[in-house]
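Observations on the three-dimensional arrangement
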Amino acid sequence: MFDLKHKVALVTGASRGLGWAMAESLARAGAHVVLNSRDGAALAARVAQLQAQGLSGEACAFDVTDTAAAEFCVADIATRHGRFDILVANAGINHRAPITGFALADFQRVMDTNLTSVWVLCRAAAQQMAPRRRGRIIMTGSISAINARATVSAYVASKGAVHALTRQLAVELAPDQVTVNCIAPGFFATEMNTPLLENQEFNDWVCRRTPAGRWGELGEIGPAAVFLASDEASYVSGLVLTVDGGFTAAM
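Below or above, wherever it landed, is the structure these notes cover. These numbers come from a predicted model, not from an experiment.

Our next topic: unusual backbone geometry. Although it is not a glycine, Phe 2 adopts a positive phi angle of roughly 60°. Tracing the sequence through the fold places Phe 2 in the segment before strand E1 (8-11). With relative accessibility at 31%, the residue Phe 2 sits in the partly exposed group. Of note, Gln 177 is a non-glycine position whose phi angle comes to about 65°, a positive value.

Both faces of E1 are covered, namely the face carrying Val 8 and Leu 10 and the face carrying Ala 9 and Val 11. Direction of pairing for E1 relative to strand E2 (residues 32-35): parallel, over a ladder of 4 bridges. Paired with Leu 10 across the two strands is Val 34, which belongs to E2. Handedness of the crossover joining E1 and E2 through helix H1 (residues 17-28) is recorded here as right-handed. Inspection of the sheet shows E1 paired to strand E4 (residues 86-89) by 3 bridges, in the parallel sense. Bridge assignment links Ala 9 to a residue of E4, and that residue is Ile 86.

Turning next to the pattern of salt bridges. All told, the structure shown has 9 salt bridges when counted by the stated rule. With a closest N to O distance of 2.7 Å, Arg 123 and Glu 71 form a salt bridge. Residue Arg 123 is located in helix H4 (residues 104-132), and its partner Glu 71 is located in helix H3 (residues 67-81); the two are separated by 52 residues in the primary sequence. Taking relative accessible area as the criterion, Glu 71 reaches 30% and is therefore assigned partly exposed. Between Arg 83 and Asp 85 there is a salt bridge, with the nearest N and O atoms lying 2.7 Å from each other. The buried category is assigned to Asp 85, whose relative accessible area is 4%. Several salt bridges share partner residues, and in doing so they unite Glu 58, Asp 76 and Arg 80 into one network.

This next bit is on the sheet that holds strand E5 (residues 135-140). Read from one edge to the other, the open sheet built from 7 strands follows the order E3-E2-E1-E4-E5-E6-E7, with strand pairing classed as parallel. On the outer flanks of this sheet lie strand E3 (57-59) and strand E7 (240-243), each paired with one strand and no other. Adjacent strand axes in the sheet meet at a mean angle of 20° when their direction is disregarded. Across the face of the sheet, H3 comes into contact with E1, E2 and E3 while running at roughly 160° to E1. Each of E5, strand E6 (178-185) and E7 touches helix H5 (residues 153-173); the most contacted strand, E6, lies at about 160° to it.

A word on the environment of Asn 114. Along the chain, the position of Asn 114 falls in helix H4. Residues Asn 114 and Ala 97 lie 17 residues apart in sequence; the distance between their C-alpha atoms is 17 Å. Excluding its chain neighbours within four sequence positions, the residues that come into contact with Asn 114 are Ala 91, Gly 92, Ile 93, Tyr 155, Ser 158, Lys 159 and Val 162.

So, about the nonpolar core. In this structure, Leu 10, Phe 84, Leu 87, Ile 137 and Met 139 are the most contacted members of the largest nonpolar core, which totals 35 residues. Contributions of two or more residues to this core are made by E1, H3, E4, H4, E5, H5 and E6. Looking at this core, the element that brings in the most residues is H4, giving 10 residues. For Leu 87, the contacting residues outside a window of four places in its chain are Leu 10, Leu 121, Cys 122, Ala 125, Met 129, Arg 136, Ile 137 and Ile 138.

Reading the values: the criteria
- Residues numbered from 1 in each chain as written.
- Predicted model: local features only at pLDDT ≥ 70, side-chain atom pairs only at ≥ 80, totals over all residues.
- Heavy atoms only, no water.
- Helix = DSSP H or I, 4+ residues; strand = E, 2+ residues; numbered from the N terminus.
- Buried < 20%, exposed > 50% of the residue type's maximum accessible area, 1.4 Å probe, protein only.
- Pairing = 2+ DSSP bridges.
- Right-handed = clockwise from strand over helix to strand, strands pointing away.
- Salt bridge = Lys/Arg side-chain N within 4 Å of Asp/Glu carboxyl O.
- Axes fitted to C-alpha atoms, helices over the stretch in contact; angles between N-to-C directions.
- Contact = heavy atoms within 4.5 Å.
- Core = buried A, V, L, I, M, F, W, Y, C linked by side-chain atoms within 4.5 Å.

Rendered as C-alpha cells:
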C-alpha cells in the first residue's frame, strides 16, 4: 500500500522544514520528487541527500510568487516526464504585527505567497491532471486557520482561504478524478519556529496546550502527505487533515 513508484511530484518550499520532510517521504515511497525553493544551492544539497539514499529527485528553483516561473515549471515537468501526478503547494511565509500596526504591503506579501501562488500552482497542476483524469493536489494549511492567534492576521487569513480553496477545488475537480486535500500542521520543530522554540515561556505553553505534550517532529508530517498522494486515497477529497498532536481537539 501507499506505493508512489512511477509518480512525479512537485513540492514547493522543499529546501527545509515541513516541505523537505514531505518531499523526502514522497521520495521514500517511490516518487520522483521535484524540489522547489528560491535557494538553488540549498536545493542542490537536498537533491544530493535524496540521491545518497538511492531516491529520485531534481531541483526547480523559483519564487512561487513569480507566476510565469511557476507555470513553466509545472508544464516543463509534465513535458519532460510525460506526467504530473502530485502537487504539494507548501511554500509559505509569516509576518507578525498587531493589526493596528500591520502594514498593507506586509499583508499583501503574505497573501501573495500563501494564497495567490497556491491558486496559481493549483491551476497549473489541474491543467495537466484533469485531461489525464488523475492527480493529487495537497496544500499546506495551518491550525492557525482553525484556532486563531494574535498578531498574525495575514497568515490566518491566507491559511483560512487555503482551507476554503481546498474544499472548492475538491468539488470542482472531482469529476476529473483529481483529489484536493489540505494538511494543517500544529506546532512543529522547524527552522521557521526556532525563535518560538527558544522562547522558554512559549515552548512551555505549546507543550502544556498540546495533548501529546510536545512539539511535532518532522518525520511525523511526511506520512500524511504520502497517504493523501497515494492511490489508496482516491476517494478522499476536500479534507483538512490536522497533524497537531490533538491540539485542535482539546479545549
